[in-house]
Amino acid sequence: MLEITHKPYRESTLLSLLFLMYMYARFGIYWGYSEIFVGCLMGVVGFSLIYSLYISKIQKGLQLLIVVVALIVIVFMCSLASVFSLGLRVGASFYYSVLLFSNFFLAYILAKKTISYRITSLYLISISFWCLYLMCHRVNPNDVFSHSSRNTFSILFLEAAVLLYIILIQERCFKKNSLGKYPLWPAAAAFLGSVWASGRSGIISTGFLLLGVFFVNFLESKKKIRYFIMIFALLAFILYLFTNWQKEIFDFVIWRFKTEGLTEPHRVEIAMYYLEKIKESPVRLFFGYDVHFDPYLATRWNANLHNSLLKLHSILGIMAVVLSFFIIKGIFDKGKKCVLLWFVGGAMLLRALTDTPFLLGPTDFLFFYFFFHQK
């Protein structure tokens, strides 16, 4: 009896540690440790098979096994598309297939199982203190990562914050009598980290998430006016202290918004050029387009489309349209049950439209989560 009582707790701890390990391995990519992340991917694939056969109950294990088989079929179809778009680069096609499978499995676990908020919050706490250390030592955000820009910080913060809110939503919004206010600190940390990094798209997406958490808490508060005044005053005070401490950074952010606005002409230019190329050939529309062999995109923009949805299409072709449709539909459907999910999904989509860390990326499970019904 004791063993049965503690089994859900042990299972939750094990799955939470899996997510924590995965997020740290994902973080290591920006430090040049991509081999560790690839090894982690293979570990997730192995774990998924073991978990479906031994850890779950027989009936649930069979259900999960059916899902795994379905995912293999989806991955196979996507792999065929990527082979056409990536030519004979079998290694790249295999990597994307494993990445896709792993993210679908993690999304299934996130939607169906209980994940510990306390354990997974360690990731966001650690990168927050790390950035605080960089701020105290006046390190330029552009000088931290050798192979990426300051925009990386907003991506890392947004991923970590979104994961925590999804976990909390699973615990509160889809259980009876479990509604309550959501903590503001994950979204606030992500927003301040994005302000420090000076990326406009990061500031907009994390600011949208912070606004969403504040709005949902306001709706659920019994004393709405007092909550609004108290939280608004607290956030304004924190922002005031932060902007005075990092005055040069904040002035630079204000200057960028004033001079460059909300749109970036070169991103629009890249998107229009890519769409024109797709129109030229039905083959490219259905099977994708390898931008590494495009003279303009490869030489001028280093094959970076600056748009995750376009990147997904370049690899998977028409399958990208199908995946994108179900992601957006899932955000809309789940948002009707929990309003915060509209802000969570919206923040991710806003960031995906201006950079290429997602789709296909290490944390696509945050998007694929919207495919599955809640537990």
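Caption draft 1: A look at the packing of aromatic side chains. In this structure the tally under the stated criterion is 27 aromatic pairs. Relative to Phe-326, the ring of Phe-325 lies with its centre 5.3 Å away and its plane at 75°, an arrangement referred to as edge-to-face. The structure contains a cluster of three or more aromatic residues connected by ring pairs, namely Phe-27, Tyr-30, Trp-31, Trp-130, Phe-145, Phe-153 and Trp-196. Cation over ring: Lys-334 sits above Tyr-369, and NZ or CZ is 3.6 Å from the ring centre.

Caption draft 2: A look at the pattern of salt bridges. A complete count under the given rule lists eight salt bridges for this structure. The closest approach of N and O atoms between Glu-280 and Arg-284, which form a salt bridge, is 3.2 Å. You can call Arg-284 partly exposed: its relative accessible area is 21%. Arg-351 is paired through a salt bridge with Asp-355; the nearest N and O atoms lie 3.5 Å apart. Grouping residues by exposure puts Arg-351 and Asp-355 together as buried. Residues joined in a network through salt bridges with shared partners are Lys-277, Glu-280 and Arg-284.

Caption draft 3: Quick peek at the nonpolar core. Judged by nonpolar contacts, the single largest core of 98 residues is most densely connected at Tyr-165, Leu-209, Leu-340 and Phe-365. Once residues lying within four places of it in the same chain are set aside, the contact partners of Leu-340 are Tyr-165, Ile-169, Tyr-182, Gly-212, Val-213 and Val-216. Core analysis: the next-biggest nonpolar cluster, separate from the first, contains eleven residues, Ile-270, Tyr-289, Trp-301 and Leu-305 among them.

What counts and how
- Residues numbered from 1 in each chain as written.
- Predicted model: local features only at pLDDT ≥ 70, side-chain atom pairs only at ≥ 80, totals over all residues.
- Heavy atoms only, no water.
- Phe/Tyr/Trp six-rings, centres within 6.5 Å; stacked < 30°, edge-to-face > 60°.
- Lys NZ or Arg CZ within 6 Å of the ring centre and 35° of its normal.
- Salt bridge = Lys/Arg side-chain N within 4 Å of Asp/Glu carboxyl O.
- Buried < 20%, exposed > 50% of the residue type's maximum accessible area, 1.4 Å probe, protein only.
- Core = buried A, V, L, I, M, F, W, Y, C linked by side-chain atoms within 4.5 Å.
- Contact = heavy atoms within 4.5 Å.

Note that every value here comes from positions in space, so none of it alone points to a role or purpose.
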